[in-house]
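A look at the structure
One letter stands for each residue in the lines below.
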Amino acid sequence: VPDELSNFGEAEMVDEGKAFFGTYSNLAKDIEPFIRASGSGRVVMSAQNFTQGFYGAKGTAVNEQILVIPETDGVNNTLEHGGCPAFEDGPGKKLGKKKQQAWRDIFATPIAKRLNSKLPGANLAVEQVTYLMDMCAFNTVVDDQARISRFCWMFSKDEFRSYDYYQSLEKWYVYGPGRDFGPTQGVGWVNELLARLTDKPVEDHTTTNSTLDSDEVTFPLGRKLYADFTHDNTMMTIYGAMGLFNRTQNLPSDRKLSPKETLGYSASWVVPFGGRMVVEKMVCDGQDEELVRVLINDRVVPLQGCNADELGRCSLGA
């Protein structure tokens, strides 16, 4: 069913909840996380399954209290980018499609020729090649055991690297640093993050929900664990607002760059199925200074512009 979480996706989120508890068990064993979710059904279900895994690993009854922020017109929601018409309907949104089409015409044209030679009468267009490549991932996760779809064997690993770059172009130029309005959509959430890190009220006049954020029940401060659930595109706007890929140059559309060449950026690295960002605040033994570091899918992404140390951490003040 379109836009719903697959059975495999549900299981993946349960596993993520278990893994999160395992990683932070010294904190989590005595603490309840505060959990929010954007109002899309699959996002709420992701939060519910994560919660089941977390409390299952903890060995206690599941606390099902999840704050759901509606994805409806007129409701400010830092977990959904839909509230700004200039972003949603602006001309910049077309740039990503143009960049994608330029690269698709380069990498997918020979694939279309090969497939058409093997499938007489199919007459596949270049555009349809990427749809078949989509089927590899989606048809795989629809299988409850995530057995690799036979669609995947139609293409080589290098062709899938080109496909990954095709997806990376859209994320970069529509929702990420490659578009002026992209990072603006993540500012509200980042200001909420700053409030949580500093235990101070939210200072924001962009996408935050002032009704929710001014209430201790719906936006508590001083908690040790928080978990927010959102969409991949919103995550891209947040990465942009945080400046995590400020050192990455705008992506060319006439050739593909490897994640090494893009300094760690690609769609598959930053927003895969079940993708996650973890922000940690820590104090090292024998020191008083609070430090912050960011992990995306278990990989440390050094903070920019705040004199990060060799472990990618910055002081909270910076």
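Residues numbered from 1 in each chain as written. Predicted model: local features only at pLDDT ≥ 70, side-chain atom pairs only at ≥ 80, totals over all residues. Heavy atoms only, no water.

Here's the deal with the side chain of Ser266
- Along the chain, Ser266 turns up in the loop between helix H11 (232–242) and helix H12 (267–270).
- Exposure remark for Ser266: the relative accessible area of 4% places this residue in the buried category.
- A distance of 3.4 Å separates polar atoms of two side chains, one belonging to Ser266 and the other to Asp164.
- Those residues within four positions of Ser266 in sequence are excluded, and the remaining contacts are Asp164, Ser168 and Pro259. (Helix = DSSP H or I, 4+ residues; strand = E, 2+ residues; numbered from the N terminus. Buried < 20%, exposed > 50% of the residue type's maximum accessible area, 1.4 Å probe, protein only. Polar contact = N/O pair within 3.5 Å; in protein donor to acceptor, adjacent residues only side chain to side chain. Contact = heavy atoms within 4.5 Å.)

Structural notes on helix H3 (residues 41–58)
- Relative to the 26 Å expected for 18 residues at 1.5 Å per residue, H3 spans 26 Å between its end C-alpha atoms, a close match to the ideal helical length.
- Turning to H3, the residues buried within the fold contact helix H1 (7–23), helix H2 (25–28), strand E1 (34–38), strand E2 (66–69) and strand E3 (226–229).
- Immediately beyond the C-terminal end of H3, within one or two residues, lies Gly59, with a positive phi of roughly 80 degrees. (Expected span 1.5 Å × (residues − 1).)

Considering the nonpolar core
- Counting residues in each nonpolar core, the largest one holds 47 residues, and the members touching the most others are Tyr239, Met242, Leu244, Met277 and Ile296.
- Of all the secondary-structure elements, those providing two or more residues to this core are helix H5 (92–107), helix H6 (109–118), helix H7 (126–142), helix H8 (157–175), helix H9 (187–198), H11, H12 and strand E5 (290–296).
- With 8 residues, H8 is the largest single contributor of residues to this core.
- The residues touching Met277, leaving out its near neighbours within four places in the chain, are Trp189, Met235, Ile238, Tyr239, Met242, Leu244, Val294, Leu295 and Ile296.
- Ranked by size, the runner-up nonpolar core spans 17 residues in total, among them Tyr24, Ile35, Ala47 and Phe50. (Core = buried A, V, L, I, M, F, W, Y, C linked by side-chain atoms within 4.5 Å.)

Structural notes on the layout of surface pockets
- Its boundaries defined by the atoms lining it, the second largest pocket holds a volume of some 340 Å³.
- If you go around the second largest pocket, you meet 18 residues; those closest to its centre are Leu194, Met242, Leu303, Cys306 and Ala318.
- For the lining of the second largest pocket, the secondary-structure elements that each account for two or more residues are H9, H11, E5 and strand E7 (314–315).
- The leading source of residues in the lining of the second largest pocket is H9, at 5 residues. (1 Å grid on protein atoms, 1.4 Å probe; cavity = no way out; pocket = protein on both sides within 12 Å on 5 of 7 lines; lining within 4 Å. Points joined across faces, edges and corners; volume = space filled by probe spheres on them.)

Points about the pairing of strand E4 (residues 277–283)
- By the bridge criterion, 7 bridges tie E4 to E5 in an arrangement that is antiparallel. Looking at E5, one finds that Met277 is bridged to Ile296. (Pairing = 2+ DSSP bridges.)

Comments concerning the packing of H5 against H6
- The geometry of H5 relative to H6 is characterised by a closest axis approach of 4 Å and an angle of 45 degrees between their N-to-C directions. When the axes of H5 and H6 are compared, the pair comes out oblique. On H6, the residues touching Arg104, Asp105, Ile106 and Phe107 of H5 are Thr109, Pro110 and Ile111.
- Looking at the contact of H5 with H6 residue by residue, the classes come out as 4 nonpolar, 1 polar and 2 charged. (Axes fitted to C-alpha atoms, helices over the stretch in contact; angles between N-to-C directions. Parallel < 35°, antiparallel > 145°, perpendicular 65-115°, else oblique. Nonpolar A, V, L, I, M, F, W, Y, C, P; charged D, E, K, R; others polar.)

A word on the environment of Lys99
- With respect to the helices, strands and loops of the structure, Lys99 is situated in helix H5.
- For Lys99, the contacting residues outside a window of four places in its chain are Leu169, Tyr173 and Ser253.

Section: the environment of Met277
- As for its position among the elements, Met277 is in strand E4.
- The spatial distance from the C-alpha of Met277 to the C-alpha of Tyr265 is 14 Å, given a sequence separation of 12 residues.

A few points about the state of the cysteines
- For the structure on display, the rule yields 2 disulfides.
- Residue Cys136 pairs covalently with Cys152 via a disulfide, S to S 2.0 Å. The sign of the 95 degrees torsion about the S-S bond sets the Cys136-Cys152 disulfide as right-handed. Of this pair, Cys136 sits in helix H7 while Cys152 sits in the loop between H7 and H8; the two residues are 16 residues apart in sequence, bridging distant segments of the chain. Just as Cys136 is buried, Cys152 falls in that class too.
- Residue pairing for Cys306: its cysteine sulfur links by disulfide to Cys314, the two sulfurs lying 1.9 Å apart. Classification of the bridge connecting Cys306 and Cys314 rests on its S-S torsion, roughly 80 degrees, and on that basis the disulfide is right-handed.
- A relative accessible area of 2% means that Cys314 is categorised as buried.
- Look at the protein chain and number its bonded cysteines as they come in the sequence; the links are 1-2, 3-4.
- Looking at the unpaired Cys284, the closest cysteine sulfur is the one in Cys314, lying at 13 Å. (Disulfide = S-S within 2.5 Å.)

Description of the side chain of Thr234
- Along the polypeptide, Thr234 turns up in helix H11.
- Setting aside residues up to four positions removed in sequence, Thr234 forms contacts with Thr78, Leu79, Glu80 and His81.

Some remarks on the packing of aromatic side chains
- Evaluated as defined, the whole model comprises 18 aromatic pairs.
- Where Phe50 meets Phe229, the ring centres are 5.2 Å apart and the plane angle is 65 degrees; that geometry is what we call edge-to-face. Taken together, the positions of Phe50 in helix H3 and Phe229 in strand E3 put the pair 179 residues apart, joining distant regions of the chain. Across the pair, exposure class does not vary: Phe50 and Phe229 are buried alike.
- Three or more aromatic residues joined by ring pairs form one cluster here, namely Phe20, Phe21, Tyr24, Phe50, Phe54, Tyr55 and Phe229. (Phe/Tyr/Trp six-rings, centres within 6.5 Å; stacked < 30°, edge-to-face > 60°.)

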